[in-house]
Amino acid sequence: MQEMRPNKKNSISFVIIMLVIFGVVNIFVYKRFLTKQVTEVGYNVFMQKIEKKELTEASIESNMIVFKDKSGEIYKTGLMEDANLYERLYKSGATFGAEIITQTNPILYYGIMLVLQFALIFIVWKLISRRLMKRMGDEPDMLSFSMGSGRSNARVYVKSNNDVRFRDIAGEEEAKDLLSEIVGYLHNPEKYTEIGATLPKGALLVGPPGTGKTMLAKAVAGEANVPFFSISGSEFVQMFVGMGAAKVRDLFKQAKEKAPCIIFIDEIDAVGKKRDGSLTTNDEREQTLNQLLSEMDGFEGNTGVVILAATNRPESLDPALLRPGRFDRRIPVELPDLKGRVDILRVHAKKIKISENVDFDIIAKTASGASGAQLANIVNEAALKAVREGRRVVQQDDLMESVEVVIAGYQKKNKILTNKEKLVVSYHEVGHAMVAAMQTQSAPVTKITIIPRTSGALGYTMQVDEDDRNLMTKTELLNKIATLAGGRAAEELIFNEITTGAANDIEQATKYARAMITRFGMTEEFDMVAMEVLTNQYLGGDTSLACAPETQTKIDRMVVELVSSQHKKAREILEQNIQKLHEIAKHLFENETITGEEFMDILHSEENTLLTTRTE
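What counts, and at which threshold
Residues numbered from 1 in each chain as written. Predicted model: local features only at pLDDT ≥ 70, side-chain atom pairs only at ≥ 80, totals over all residues. Heavy atoms only, no water. Pairing = 2+ DSSP bridges. Helix = DSSP H or I, 4+ residues; strand = E, 2+ residues; numbered from the N terminus. Axes fitted to C-alpha atoms, helices over the stretch in contact; angles between N-to-C directions. Contact = heavy atoms within 4.5 Å. Salt bridge = Lys/Arg side-chain N within 4 Å of Asp/Glu carboxyl O. Buried < 20%, exposed > 50% of the residue type's maximum accessible area, 1.4 Å probe, protein only. Phe/Tyr/Trp six-rings, centres within 6.5 Å; stacked < 30°, edge-to-face > 60°. Lys NZ or Arg CZ within 6 Å of the ring centre and 35° of its normal. Core = buried A, V, L, I, M, F, W, Y, C linked by side-chain atoms within 4.5 Å.

Peer 1: With reference to specific residues and values, describe the sheet that holds strand 14 (residues 460–463).
Peer 2: On the basis of which strands lie adjacent, the open sheet formed by three strands has the order 14-13-17 and antiparallel pairing. Each edge of the open sheet carries a strand with a single partner, namely strand 14 and strand 17 (593–595). Ignoring which end each strand starts from, the neighbouring axes of this sheet average 10° apart. Contacts from helix 20 (residues 578–591) reach strand 13 (445–449) and strand 17, with the element oriented near 125° to strand 17.

Peer 1: Explain the pattern of salt bridges to me, and be specific about the residues and the numbers.
Peer 2: Tallied over the entire structure, the rule returns 19 salt bridges. Notably, a salt bridge pairs Glu 389 with Arg 391, separated by 2.4 Å at the nearest N-O pair. Between Arg 557 and Glu 561 there is a salt bridge; the shortest N-O distance is 3.3 Å. Of this pair, Arg 557 and Glu 561 both sit in helix 19 (residues 549–576), separated by four residues, roughly a single helical turn. According to the relative accessible area criterion, Glu 561 is partly exposed, its value standing at 46%.

Peer 1: I'd like a description of unusual backbone geometry, backed by residues and values.
Peer 2: The backbone of Asn 496 sits at a positive phi, close to 50°, despite the residue not being glycine. Relative to the helices and strands, Asn 496 resides in the loop between helix 17 (474–495) and helix 18 (503–518). We note that Asp 527 has phi near 55°; this positive angle belongs to a residue other than glycine. Within the secondary structure, Asp 527 sits in the loop between helix 18 and strand 15 (532–535).

Peer 1: An account of the packing of aromatic side chains is requested, with residue identities and associated values reported.
Peer 2: What the rule picks out here adds up to three aromatic pairs. Both rings, one in Phe 228 and one in Phe 264, keep their centres 6.0 Å apart while their planes meet at 20°; by these two values the pair is stacked. Of this pair, Phe 228 sits in strand 9 (residues 228–232) while Phe 264 sits in strand 10 (residues 261–266), and the two are 36 residues apart along the sequence. Assigned by exposure class, Phe 228 and Phe 264 land together as buried. We note Lys 422 situated over the ring of Phe 589; from NZ or CZ to the ring centre the distance is 5.2 Å.

Peer 1: Run through the nonpolar core, naming residues and quoting values.
Peer 2: Membership of the largest hydrophobic core comes to 32 residues, with the highest contact counts inside it found for Met 434, Leu 574, Leu 581, Ile 584 and Phe 599. Listed by contribution, the elements that provide at least two residues to this core are helix 16 (419–437), strand 13, helix 17, helix 19, helix 20 and helix 21 (596–603). Top element by residues in this core is helix 16. It accounts for nine residues. Residues Ala 175, Tyr 192, Val 226 and Phe 228 belong to the second largest nonpolar core, which totals 28 residues.

Below is the structure:
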């Protein structure tokens, strides 16, 4: 889209104007008080003044004559051949021979300039002081506008051939349906006003990062073919109280002038946080929020101005901002499902050269839980990999590898494991895979590798569900914890020793176990009572216990017992299948990577081969 930015040169212009004024005054004072004007005249004027005895001083130089008359004026003329010049000057009574001084004492000049400098500094200080005394109820003064501080920094996008449209966005069909009604109103308001409907004043887009909230807002503007004002919530928050409110007023003033149009405020939680009245509250943010609330209420009917806002933290927004009449609609923009991921991959694949035999369904299943931005990155990484390997088209293997790059990072070519470490990692990863394969209601294993990644992982086991899962049973969660414990269990069983490689497994197992007890009500002890509160669900989810200290102690004990029971279960599974554990670990040790099909073939084969646990 073509971007039109507001004038940001006001502050520079103000400084330049002040410097120009100071320079002009300096030149004027210099010429008026420090230097005397010397007038150039003809030689005849010089002769006339001699004859009339009007000269007081004369200085004869190599090529000119400088002289002063009785009025104090100083003149100069060219030197002519005149044998009787000195005699006539003597008879006129003029003093000659000494140099005529054309400059006065500089003390007067510097004194005047000092006074003027203090005067200019005082004027600027008064203007700034008046600006600092402004509050939200006052209009921004002349200085604030001249320096650009009272103007909004909104970027204005106008119609162009590169507009984002709904067809360019996939995987968010529900959000597009809700927003298309706003587009319809901006296109044909009479269709809605005829029945008495009014234009929604605002729509709040909420969801995890990278799901396309900003793209959806731009698509609305592109479909409606109207100006699109884009600004971040943090740009409203200023150091001086009242400045942010002035920016809000200026933004809405511009929007009303260009109506119908769309205002998009990204990360609105920066300015729209709940007002709690505490002493530590940011007064500037509250003033700005109050002005925003007032402007949203101040719209006359059918002005054609729609406000779209996006946030990852809807629970932190002020209730007054969320009520109907301000943000009439709350539109969730969630992570895409399996079909949505396939559609997103196809949209981004149009931008690259891709092989015809690529199966996007397999890629989408492998990238379960990925956002739209991550899927776009997966396609781009695949294209970069194809270029690195000298191919002109992207193949299936490129996309599969790029999924692993986004999830686990690049392969570390300079990371060298000793044979002992490589052996431990092999048994560790096969331990995960075997516990998963020996349990029902567990996702199938699709890949096992012991190649280190830039994320810090020395290896990983990939499991991919056939379909997206929206609900998980208690059995499935217990199986997950047992699978996570399988790596440590294999180390204990084979080496009678444990390593730091299970750190992430322990963290994830503890997280699942605690959630089962405190949030999911999957224990008889607490039944359906929530002991933990989840916040920031779109930013990873922070939890805080909401129970007595005694209960917290009981929860900790129950978490330990639950994880320990699944750890014991994982070890029993591996003990019962120790021959297969050796066989698969040997294959992984030698090949570094095996697919899910290879893993299952070895698991169900009759051959048993022991891998000697030798050390380096």
